[in-house]
Amino acid sequence: MKISNRRSRRAAVAVALGSVLALTATACGDDGSGGSGGDKGAEGSGTGKIVFWDNNGGVRTDIWKEIIADFQKANPDIKVEYVGIPSTDYQSKVDTALQGGGLPDVGGVGAAMLAGFAAQNALEPLDGRLAKSSLNGKLNEDMLTSLKAAGGGDDKLYSIPTSANNGVLYYRTDLFKKAGLDEPTTWDKFYTAAEKLTDSGKNEFGYTIRGGAGSIAQALDAMYGQSGITSFWDASGEKTTVNDPKNVAALEKYAALYKKVTPAADLNNDFTKMVAQWDSGTIGMLNHNLGSYQDHVKALGTEKFRGIPQPVGASGKRVQVSNPVDGIGLFKSSKNKEAAWKFIEFASSHEENSKFNEAAGQVPANNDAAKDAWISKAEPTKLAAAALTDGSTTIVQLPYYLPDWNTVSKADNEPNFQKVLNGDMSAKEFLDTVAGQLNEAQAEWKSRNG
């Protein structure tokens, strides 16, 4: 039933989008942003106002405002209007604007949502602009490749990478030392610590599990990390390994942590609530990414916690699912593409990209920024970068290229994951549902892309 419902929703969106395009095709354009999907936009004068949508508003507002101030100082004839949108609302905000108008000139476009936007013809291909830019040859090739692959199959670049945001296991070194526990470098040590650090009567817990928005990505990391399965698709490339029996068993064990060694509030916690809870309480471990490192430093200092790469499995190898590369895209409907591109170039330059990633605690996309001194001082970033390059980690590439990926991995199934945590749905039923939707989406994508 879920599969047919999703297809119906896509069809409804397509009909609505077609109607809007038929109307806007006859409308006269105006200066500035505000276009809808299918609007070809214009290069503009390279001066005036542009609108920038931050896809992680609130969390990254301060650093983006700093970068914007730098840009406007260097380009006094361009004014940037900043709009911060929470990450959980960003895709729906863009989708609404695609149908009804009001798109920005430029905005955050990470790999996870890239295919859906590109499929709706919302983004300007950037290959030609990059080739003529001072950024050419200065950006991380792996991140560029990831964003090209995520674009939906036409091998075009629709987003300039800003950072990679690797998964991290944060743990309280003070609590581990007090309990006489080893560092949680393996999944066995992780489960042992989660149990030993829990005393619910004293409001002390071994772990905080993500049950709200963004929960499924974290669950996938735990599943593949334990099962050791290294490919998202089977040998045929048509069936996902999500519901492989080893992954089912891994999810059963992981989900069983809820309320046993975690706070009950975790059921509805997105990353901001989960991070705030960990920073202010006595919880042993937290799975998140490099992006929350500075929050932990502010709350705990650098002496009470560490951030290490994800635990290794029984084979002694570390397996992680790919964390989406983040980036900045130019919306095709922009009436001032020249000025918007200037902003993307500036934000991706050595100094600004370094400044952004130091604040975010992430791995810079600009190769020169990645050599800056702060990297060696931010231990989780340093360790994550090493784990990705020293051969110790196998990355399971998630199918960001599927236009349905974000819907399947978020809105369609996050409520069901909560049912798994509550014991109202089995891990197998949940993963079989997800697998059915992904297999259908893969078949549709293959039929369109040969």
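Keep in mind the model is a prediction, meaning the values are calculated, not measured. (Residues numbered from 1 in each chain as written. Predicted model: local features only at pLDDT ≥ 70, side-chain atom pairs only at ≥ 80, totals over all residues. Heavy atoms only, no water.)

Caption draft 1: Representation of the pattern of salt bridges. As enumerated under the stated definition, the model contains 14 salt bridges in all. Residues lysine 355 and aspartate 70 are paired through a salt bridge, measuring 2.6 Å at the closest nitrogen-oxygen approach. Here lysine 355 is found in helix 14 (residues 350–360), whereas its partner aspartate 70 is found in helix 2 (residues 61–74), with 285 residues between them in sequence. In this structure, the salt-bridge partner of glutamate 124 is lysine 337, at a minimum N-O distance of 2.9 Å. Linking glutamate 124 in the loop between helix 4 (111–119) and helix 5 (127–131) with lysine 337 in helix 13 (residues 337–347), this pair joins segments that are 213 residues apart in sequence. Like lysine 337, glutamate 124 is buried. The network of salt bridges with common partners includes Glu43, Glu124, Arg129 and Lys337. (Salt bridge = Lys/Arg side-chain N within 4 Å of Asp/Glu carboxyl O. Helix = DSSP H or I, 4+ residues; strand = E, 2+ residues; numbered from the N terminus. Buried < 20%, exposed > 50% of the residue type's maximum accessible area, 1.4 Å probe, protein only.)

Caption draft 2: Fine view of the pairing of strand 9 (residues 318–321). Burial along strand 9 is two-sided: the face carrying Arg318 and Gln320 and the face carrying Val319 and Val321 are both buried. Both strand 9 and strand 12 (residues 393–396) contribute to a ladder of four bridges, which runs parallel. Across the sheet, residue valine 319 finds its bridge partner in strand 12, namely threonine 394. (Pairing = 2+ DSSP bridges.)

Caption draft 3: Main features of the packing of aromatic side chains. Enumeration according to the criterion identifies 23 aromatic pairs in this entry. For the ring pair phenylalanine 52 and tyrosine 82, a centre distance of 6.2 Å and an interplane angle of 50° mean the geometry is tilted. Placement of phenylalanine 52 in strand 1 (residues 48–54) and of tyrosine 82 in strand 2 (residues 78–84) is noted, with a sequence separation of 30 residues between them. Note on tyrosine 82: relative accessible area 18%, which makes it buried. For the pair tryptophan 278 and phenylalanine 305, a centre-to-centre distance of 6.2 Å together with 90° between the ring planes defines the contact as edge-to-face. (Phe/Tyr/Trp six-rings, centres within 6.5 Å; stacked < 30°, edge-to-face > 60°.)

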